[in-house]
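Residues per chain are reported as follows:
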Amino acid sequence: MSGDQPWRSRAVDAKAWARIADQLAQGRRTLAGLWGDAGRVHAALLDEGKSELEIATLACPSGQFPSIARRHAPALRLERAIRDLFGFEPVGAPDDRRWLDHCRWLVRHPLGDYTDWAGEGETYAFLPAEGEGLHQIPVGPVHAGIIEPGHFRFHANGETVVRLEERLGYTHKGIEGLMAGASIGNAANLAGRISGDSTVAYSIAFARAVEAALGLEIPPRAHLLRALMAELERIANHLGDIGAVCNDASFALMHAHCGILRERVLRQSNDCFGHRLMMDKVVPGGVATDLDPSGVAGLRSLIGRIRKDFPPLVELYDETASLQDRTVGTGILTADLARQYGCSGFVGRASGRVFDARKAIAYPPYDALEFEVPVLIEGDVNARLWIRIREVEQSLRLIEQILDGLPSGETTIELEKRGEVREGLALVEGFRGDILVWLRLDGEGWIGRCHLRDPSWFQWPLLEAAIEGNIVADFPLCNKSFNCSYSGHDL
Amino acid sequence: MRKTLLQGLIRRPLTEPAPQAGDPELAELAAQLSQTARATLGRSLAIRHVDAGSCNACELELHALGNAFYDLERFGFKFVASPRHADVLLVTGPVTRNMAEALRRTYDAMPAPKWVVAAGGCALDGGIFAGSYAVLGGVAAVVPVDLHIPGCPPSPLTLLKGLLALMMRAPGDAEES
Ligand code: SF4
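The structure presented is a predicted model; accordingly, all values stated were derived computationally and were not measured.

Cut-offs applied
- Residues numbered from 1 in each chain as written.
- Chains lettered and ligands numbered in written order.
- Predicted model: local features only at pLDDT ≥ 70, side-chain atom pairs only at ≥ 80, totals over all residues.
- Heavy atoms only, no water.
- Axes fitted to C-alpha atoms, helices over the stretch in contact; angles between N-to-C directions.
- Helix = DSSP H or I, 4+ residues; strand = E, 2+ residues; numbered from the N terminus.
- Parallel < 35°, antiparallel > 145°, perpendicular 65-115°, else oblique.
- Left-handed = near helix turned anticlockwise from the far one by under 90°.
- Contact = heavy atoms within 4.5 Å.
- Nonpolar A, V, L, I, M, F, W, Y, C, P; charged D, E, K, R; others polar.
- Near = heavy atom within 4 Å.
- Salt bridge = Lys/Arg side-chain N within 4 Å of Asp/Glu carboxyl O.
- Polar contact = N/O pair within 3.5 Å; in protein donor to acceptor, adjacent residues only side chain to side chain.
- Pairing = 2+ DSSP bridges.
- Buried < 20%, exposed > 50% of the residue type's maximum accessible area, 1.4 Å probe, protein only.
- Phe/Tyr/Trp six-rings, centres within 6.5 Å; stacked < 30°, edge-to-face > 60°.
- Lys NZ or Arg CZ within 6 Å of the ring centre and 35° of its normal.

> Talk me through the packing of helix H4 (residues 184–191) of chain A against helix H5 (residues 199–214) of chain A; I want residue IDs and the actual numbers.
All names here are of chain A. As a packed pair, H4 and H5 sit with axes 8 Å apart at the nearest point and diverge in direction by 150°. Between H4 and H5, the angle falls in the class roughly antiparallel. Considering only the axes of H4 and H5, their crossing is right-handed. Along its contact with H4, which presents Ile184, Ala187, Ala188 and Ala191, the element H5 presents Tyr202, Phe206 and Val210. A per-class count over the contact of H4 with H5 returns seven nonpolar, no polar and no charged.

> Summarise the site of the ligand; cite the residues concerned and give the values.
Inspection of the region around the ligand gives A:Arg193, B:Ser54, B:Cys55, B:Ala57, B:Cys58, B:Gly120, B:Gly121, B:Cys122, B:Gly151, B:Cys152 and B:Pro153 as its neighbouring residues. Neighbouring residues of the ligand are not confined to a single chain but are spread across chains A and B. For the shell around the ligand, the secondary-structure elements that each account for two or more residues are helix H3 (57–64) and helix H5 (121–125) of chain B.

> Can you lay out the interface of chain B and chain A for me, pointing to particular residues and giving the numbers?
Chain B puts 49 residues into the contact, and the matching count from chain A is 58 residues. The tally of links between chain B and chain A comes to two salt bridges. Put simply, B:Glu101 and A:Arg104 hold a salt bridge, and the shortest N to O gap is 2.6 Å. Applying the counting rule to chain B against chain A returns 22 residue pairs in polar contact (both at pLDDT 80 or more). When residues of the side of chain B that touches chain A are traced back to their parent elements, those giving at least two are helix H1 (2–10), strand E1 (45–51), H3 and helix H4 (100–109) of chain B. The residue inventory of the side of chain B that touches chain A, partitioned by class, reads 27 nonpolar, 14 polar and eight charged.

> Can you explain the sheet that holds strand E2 (residues 77–79) of chain B? Please cite residues and give values.
Residues and elements named next belong to chain B. The strand order across the open sheet built from five strands is E2-E1-E3-E5-E7, with neighbouring strands paired in parallel fashion. Strands with a single pairing partner mark the edges of an open sheet, and in this sheet they are E2 and strand E7 (147–149). Neighbour-to-neighbour, the strand axes of this sheet turn through a mean angle of 30°, independent of strand direction. H3 contacts E1, E2, strand E3 (88–92) and strand E5 (115–119) of the sheet and is inclined by roughly 135° relative to E3. Across the face of the sheet, helix H6 (residues 156–168) comes into contact with E1, E2, E3, E5 and E7 while running at roughly 165° to E7.

> Give a detailed account of the pattern of salt bridges, specifying residues and quantitative values.
Residue and element names in this part refer to chain A. On inspection of all chains with the given rule, the structure shows 47 salt bridges over all chains. Where Glu54 meets Arg29, a salt bridge forms, and the shortest distance between an N and an O atom there is 2.9 Å. Pair noted here: Glu54 is in strand E4 (residues 52–59) and Arg29 is in the loop between helix H1 (14–25) and strand E2 (30–37), with a separation of 25 residues, a long-range link. This pair shows no difference in class: Glu54 is buried, exactly as Arg29 is. As a salt-bridge pair, Asp404 and Arg300 come within 3.0 Å of each other at their nearest N and O atoms. Residue Asp404 is found in helix H13 (residues 381–404), and its partner Arg300 is found in helix H8 (residues 293–319); the two are separated by 104 residues along the sequence.

> A description of the packing of aromatic side chains should follow, citing residues and the corresponding values.
A full pass over the atoms with the stated rule returns 12 aromatic pairs over all chains. Taken together, a centroid distance of 6.4 Å and an interplanar angle of 85° make the contact between A:Trp17 and A:Phe65 edge-to-face. Of this pair, A:Trp17 sits in helix H1 while A:Phe65 sits in strand E5 (residues 64–66), placing them 48 residues apart in sequence. Neither residue differs from the other here; A:Trp17 and A:Phe65 are each classed as buried. An angle of 45° between the planes, with centres 5.6 Å apart, marks the rings of A:Trp35 and A:Trp438 as tilted. Highlighted residues: A:Trp35 in strand E2 and A:Trp438 in strand E15 (residues 434–441), separated in sequence by 403 residues. Overall, A:Trp35 belongs to the buried group, its relative accessible area being 1%. Since its relative accessible area comes to 0%, A:Trp438 is described here as buried. The ring of B:Tyr107 has B:Lys114 sitting right over it, with the charged end atom 4.1 Å from the ring centre.

Set out below in structure tokens:
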């Protein structure tokens, strides 16, 4: 998306904004983001058929905008977040509860016209569920295990979940507030810490948005090294989670073996780039660390190792009936919901949504690499697991091509100031799904506003749907099979 | 399935039998730890983890402690689900204002003696997120901290060394309240 800026920006009035809500409701476009800015709101709209992105901007001088969620439910939590952070009222929104704001900050509307606040906390009004024999089970925000914090409220009838309601926002760190007025370098460090498991993908998305704003094209070697890191990150996460999902299905053997493979990937990443998760190794303008010949050799032997060790594990999964018994038919996400929510990543692709930003947007170097995007339609825990298994194989293929075709040359270019306000946008495929970054730079290269939308925004609500009718005991398994980011969502 | 499992037992292991064998630093840690743990506590140490608002990378490395390379439990540490069973509260992340109460409550629910370990740059002083309207600060802003383990995120080896350092201390400095 750098250079020729293949996205459109358009200022719209309230009527056109309402039409956009209709188009989204009719499934003619997909909502890829919705966020506030000084005196206005922006919506990122994706035309999946044409792989085109558009930013529609509505000025809201009176502090109001027509709710999109009134017509199109996927916008709901985004609008609640806009109201919490900016104080803009989504008129006609079906839910007026706060979302990220738990009434614990000492300020109200921190990114807009802010006012002081006591920060005494609030009692959240969970949606009621009525019926004979229903009981509530509150879980969290602190969970039993090494997990991010969030609250789950179950309404159950005996063992069966009648409704799950999530309450998130516990890890809200005010990152967009910290970014406003920051240097590109500081903001890049923050971007790499929005969801640590996707640090490479976030760093690429942020860097691409900066480069798009400044009209810069980075050297070919830098593109390839970025993709190399991105695929290593994808493999590491997939391996870790495949094991963890099996562990939640009480099959610890897979967990142990996948954990070893994941550790090998992290160690090799550390050997190549100097950080196990490759944090801060992708920077605006290129990459921070070049790859040396010993790194190439190490990566080749890592690929060989995974190709040898992984297939028997896949076979083990495939042949273990007791494991399949837990994963097949559990936590089904329907294709309709996945499409409606523009649900990306392995969750969307396990429910028939054929979208991968690496293919659809075809940002470099993926436009010149060969890989397949596996898609299934079953939408259950098993399908999500299989997508991830297949993606490991595709990522290995990508890394091989990258190593084979790695040109010599520079790995960074300088970020030139433009002397005028510029906007940049990027959509990048992390392991979890597509990450959207939109930003505005001032003429001196400081961040005016930066919004980063995690794929989890369009996955968390679907977990609520997928668990319905399943037994409470299967929740950890379903939750792990979605593996949404709390930190990425809460920001 | 039984066949697969049996094969798994009879066949050569899928991976090297002892991936940790080549790690002298780990072996030395293990030796030190098993002595200290027994001397100080006479048993293993139960850890309750709380993410007070981290970016989740610290959690990834905590998880890695359980893999076959580090195999945390052989050092006499184990993660437990309930604060009531815990000796150590291991906190990651800056403390967000939305998490402060939950962190405090978890600490209060732990029986004395208890120790608090703050892991990662954020847990020290809020790190890169310090100064935000949504962040209270480091872990010490909410509960007394006995030990800080640096890193962003701390590697599993750094985490292990930190936990060892904690065990080396006399149990007398634990919070008795
Ligand atoms: S110390 Fe680093 S890795 Fe850990 S929570 Fe903070 S930013 Fe994330």
